[in-house]
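Chain by chain, the residues run as shown.
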Amino acid sequence: MSEAVLSVRNLRTYFMYKDAEVHAVDGVDLDVRAGEIVCLVGESGCGKSMTSLSIMRLVPQPAGRIVSGKILLDGVDLLRLSEDEMTDVRGNQISMIFQEPMTALNPVLTVGDQITEVLLRHRRMRKREAWQRAVEMLEFVGVARAAQIVHEYPHQLSGGMRQRVMIAMAMVCEPKLLIADEPTTALDVTIQAQVLDLMRKMRDDFGTALILITHDLGVVAEMADRVVVMYAGQVVESTDADTLFEEPSHPYTRGLLRSIPSLSDDTETLYSIPGTVPDAAAFPEGCRFADRCPLAQPECLATAPVLREVRPGHWVRCHFADKGSVSV
Ligand SMILES: Nc1ncnc2c1ncn2[C@@H]1O[C@H](COP(=O)(O)OP(=O)(O)OP(=O)(O)O)[C@@H](O)[C@H]1O
Ligand SMILES: [Mg+2]
């Protein structure tokens with residue numbers, strides 16, 4: 001298997017307030033190999049976005065701070081780069097696309113201005129050449145009438161079209177890693193399928209590694225090579241996609257999988273994991289999932305489990321992950 005493009009080690013990102021310290025990301029390890037699609041899943045507030053913003057070094061200031069860890073991109077620790085050096089990494093070696101493209105696109109610049117700006121910053125290219133490349137990129141991401149659209153403003157485009165423009169901007173410098181944070185949630189299912197196809201094409205044609213954050217386990221089943229499940233600021237399970245769906249080991253992962261609506265048993269009410277994610281300003285000492293876990297033992301409340309490799313390539317943060325056939 002190829003080397004990791006990205007290796008995150010023991011990443012901690014906290015928000016420091018006078019009266020509280022919010023542990024948004026609390027010791028995350030993550031590896032992504034070249035050309036690999038890794039899906040990051042977990043309930044709202046588990047730290048998925050903060051993990052990706054930390055990788056981009058775009059944690060909200062001034063309260064947010066990366067307090068420890070390493071973020072190695074091809075062996076270079078991004079946390080040791082100067083702000084100027086980091087500016088050179090963003091949009092060039094790592095790009096990010098967001099759920100709502102309007103927040104990331106500049107409303108007063110044309111589509112062409114925004115895509116060429118990325119090229120002019122990172123590539124020695126003349127303006128004309130950059131415009132030509134912008135049109136080609138828009139064509140690649142399936143924007144019809146690209147030569148015309150390039151002169152239009154974001155508000156003149158449909159939601160699906162804006163998302164394609166965002167992807168074109170993110171991919172124009174052919175980054176090693178693309179991070180997509182809920183890129184299709186705001187789109188209807190047809191456009192969603194097209195955008196997912198497009199991201200797969202990016203991987204196939206450019207060898208781009210992809211971190212795809214999604215709530216939708218259907219999207220995970222369709223896209224993921226590997227899945228990383230987050231809970232309360234930590235990774236609780238990490239394995240290849242087939243294993244995750246066939247032999248999920250963490251009770252939390254099993255709960256998530258049980259919450260998927262099934263077309264066949266429409267009479268059953270939809271399962272949801274009881275309780276809520278603990279407050280990131282006051283995590284419990286033991287297992288963070290213990291108060292919601294149907295298998296919790298006294299040991300779970302007393303000591304926090306570590307992330308262990310229970311089978312080659314399959315990591316689980318649970319005291320009982322490999323202790324026989326427990327079922328939820
Ligand atoms: N600016 C902030 N100040 C304080 N806490 C924050 C801030 N932004 C996020 N958090 C907290 O950090 C934790 C992780 O948030 P994050 O946005 O990464 O979650 P998420 O997994 O992306 O959730 P979602 O699925 O809803 O997008 C949460 O507890 C959240 O309340
Ligand atoms: Mg988020």
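Residues numbered from 1 in each chain as written. Chains lettered and ligands numbered in written order. Predicted model: local features only at pLDDT ≥ 70, side-chain atom pairs only at ≥ 80, totals over all residues. Heavy atoms only, no water.

A word on the pattern of salt bridges. Inspection of every chain in the model, using the stated rule, returns 17 salt bridges. The closest approach of N and O atoms between E43 and R292, which form a salt bridge, is 3.0 Å. You can see E43 sitting in the loop between β3 (37–41) and α1 (48–55) and its partner R292 sitting in the loop between α11 (251–258) and α12 (298–302), a full 249 residues away along the chain. A relative accessible area of 6% means that R292 is categorised as buried. For the salt bridge of E117 with R121, the shortest nitrogen-to-oxygen distance reads 3.2 Å. (Salt bridge = Lys/Arg side-chain N within 4 Å of Asp/Glu carboxyl O. Helix = DSSP H or I, 4+ residues; strand = E, 2+ residues; numbered from the N terminus. Buried < 20%, exposed > 50% of the residue type's maximum accessible area, 1.4 Å probe, protein only.)

Okay, the sheet that holds strand β11 (residues 308–311) next. An order of β6-β7-β8-β3-β9-β10-β12-β11 is seen for the 8 strands of this open sheet, with the pairing classed as mixed. Edge strands, defined here as strands with exactly one partner in the open sheet, are β6 (94–97) and β11. Taken over all neighbouring pairs, the strand axes of this sheet differ in orientation by 25° on average, direction set aside. In the sheet, β11 pairs with strand β12 (residues 314–316) via 3 bridges, with the strands oriented antiparallel. Bridging across to β12, R308 finds its partner in V316. Along the sheet face, helix α7 (residues 159–171) touches β6 and β7 (177–181) and points at about 170° away from the line of β6. Relative to the sheet, α11 contacts β3, β9 (226–231) and β10 (234–240), its axis offset from that of β9 by approximately 105°. (Pairing = 2+ DSSP bridges. Axes fitted to C-alpha atoms, helices over the stretch in contact; angles between N-to-C directions. Contact = heavy atoms within 4.5 Å.)

This brings us to unusual backbone geometry. Of note, the amide linkage connecting Q61 to P62 takes the cis form, showing an omega dihedral of 0°. One non-glycine residue with positive phi stands out, namely N10, at about 50°. Counting through the fold element by element, N10 comes out in strand β1 (residues 4–16). For N10, a relative accessible area of 36% translates into the label partly exposed. The phi torsion at R57 lies on the positive side, around 55°, for a residue other than glycine. With respect to the helices and strands, the residue R57 is situated in the loop between α1 and β4 (64–73).

The antiparallel open sheet is built from 4 strands, whose spatial order is β2-β1-β4-β5. Looking at the sheet topology across the chains shown, the edges are occupied by β2 (21–33) and β5 (76–77). Relative to β5, β4 is paired through 2 bridges, and the arrangement is antiparallel. Looking across to β5, one finds that L72 is bridged to D77.

Coordinates in, geometry out; function isn't part of it.
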